[in-house]
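Commentary on secondary and tertiary structure
Next come the chains, spelled out residue by residue.
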Amino acid sequence: MTSKKPVNRPSVRHPSHNHPLRLFKSQEEDEIICSGCELNLIGQAFKCTKKDCDYFLHKSCFDLPRETKHKSHSDHPLTLLHSPPYGHSYTCDACGQYGSGFTYNCSECQYDVHVGCAFIPETVKREDHDHPLTLVYNTPCKGREDGAMFICDVCEEDMSENLWVYYCKECDYGTHVHSCAVYEDHQPKKGGGGGEEGRGGGGGGGESSSAAARMKSLMKAQDEMAALQLEARIRKNTNDAILELWDEPKRRYYW
Ligand SMILES: [Zn+2]
Ligand SMILES: [Zn+2]
Ligand SMILES: [Zn+2]
Ligand SMILES: [Zn+2]
Ligand SMILES: [Zn+2]
Ligand SMILES: [Zn+2]
């Protein structure tokens, strides 16, 4: 402990954490992961004031509504939990990946959605597909009597029927909403092989199995678009604005 008093740096409390937080601006090279959404954190954020505590939150995660009505689960509202309800992790019902930070949870149905997944765009464009893809809240194979599974057109893995899909109905083309989903300025994962992939590779190999690393790749794609957009909207409006997100007439196809 130094005797030097910190300059006037207001701290704030957040119910997700025991220590006070302060404003903080994160640079890309800091490689910080938000403790709430577990995605990359660049830009305005909150940071724990304790020196040895690695607790960070996006501003947008700091301001998440305690409860939200979500199109994917219309029967019940989803409640924001600051830690997984079933121990140290949960499986996200949107992307199928693990989570260990915040979740939007329906306790009655044990339905959980990453807070990052809860606010992904309803349509995305990808360079390798001519049409916009629309977010749907289960695979097109759901309920098929022959038991056929939908296969992600990027990673070519079976998708369980309740996962969300970015889908083009016209071409019957669809992708997972996690790292298989890419946005305009993002190289598709598939068909690399040029030898330039993974340059820098700071994190190292086995890391890709950790939730944080997976989420990192998701966030890289989403970062500029979803997070910043959302943050701006949240800042501009009250929490009620979140609900309006779902009423935007963005959908091209109706299910
Ligand atoms: Zn976050
Ligand atoms: Zn702390
Ligand atoms: Zn998810
Ligand atoms: Zn429910
Ligand atoms: Zn996939
Ligand atoms: Zn198409």
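So, here's what we can say about the structure.

So, how was this worked out
- Residues numbered from 1 in each chain as written.
- Chains lettered and ligands numbered in written order.
- Predicted model: local features only at pLDDT ≥ 70, side-chain atom pairs only at ≥ 80, totals over all residues.
- Heavy atoms only, no water.
- Buried < 20%, exposed > 50% of the residue type's maximum accessible area, 1.4 Å probe, protein only.
- Helix = DSSP H or I, 4+ residues; strand = E, 2+ residues; numbered from the N terminus.
- Pairing = 2+ DSSP bridges.
- Donors = N, O, S within 2.8 Å, 3.2 Å for Na, K, Ca; no water.
- Tetrahedral: all angles 85-135°; square planar, octahedral: opposite > 155°, others 65-115°.
- Salt bridge = Lys/Arg side-chain N within 4 Å of Asp/Glu carboxyl O.

The next thing to look at is the pairing of strand β7 (residues 67-70). Along β7, the buried face is formed by T68 and H70; none of E67 and K69, which line the opposite face, is buried. As defined by bridge partners, β7 adjoins strand β8 (residues 73-81) across three bridges and the pair is classed as antiparallel. Directly across from H70, in β8, lies its bridge partner H73. The hairpin formed by β7 and β8 contains two residues between the paired strands.

Let us look at the coordination of the zinc ion (ligand 6). Protein coordination at the zinc ion (ligand 6): the donors are H129 (NE2), H131 (ND1), C168 (SG) and C171 (SG), at 2.0 to 2.3 Å from the metal. Geometry at the zinc ion (ligand 6) is tetrahedral, judged from the four donor atoms that bind it and their angles of 101 to 115 degrees at the metal. Of note, the zinc ion (ligand 6) draws all its donor residues from one chain, in the sequence arrangement H-x1-H-x36-C-x2-C. On the criterion of sequence distance, the pair formed by H129 in the loop between β13 (123-124) and β14 (133-136) and C171 in the loop between β17 (165-168) and β18 (173-175) is long-range, its members being 42 residues apart. You can call C171 partly exposed: its relative accessible area is 36%.

So, on to the coordination of the zinc ion (ligand 2). Within the protein, H17 (NE2), H19 (ND1), C48 (SG) and C53 (SG) serve as the donor atoms for the zinc ion (ligand 2), at 2.0 to 2.2 Å. Coordination geometry of the zinc ion (ligand 2): the four donor atoms subtend angles of 102 to 118 degrees at the metal centre, consistent with an arrangement described as tetrahedral. The motif formed by the donor residues of the zinc ion (ligand 2), counted along the single chain, is H-x1-H-x28-C-x4-C. Both residues of the pair, C48 and C53, belong to the buried class.

Before going further, it helps to spend a moment on the environment of E31. Along the chain, E31 falls in the loop between β2 (21-26) and β3 (32-33). Taking the C-alpha atoms as reference points, E31 and L41, ten residues apart in sequence, are found 7.2 Å from one another.

Attention shifts here to the pattern of salt bridges. Under the counting rule described, the total for this entry stands at three salt bridges. Salt-bridge contacts for D146 lead to R144; the nearest nitrogen and oxygen are separated by 2.7 Å. For R144, a relative accessible area of 44% corresponds to the partly exposed category.

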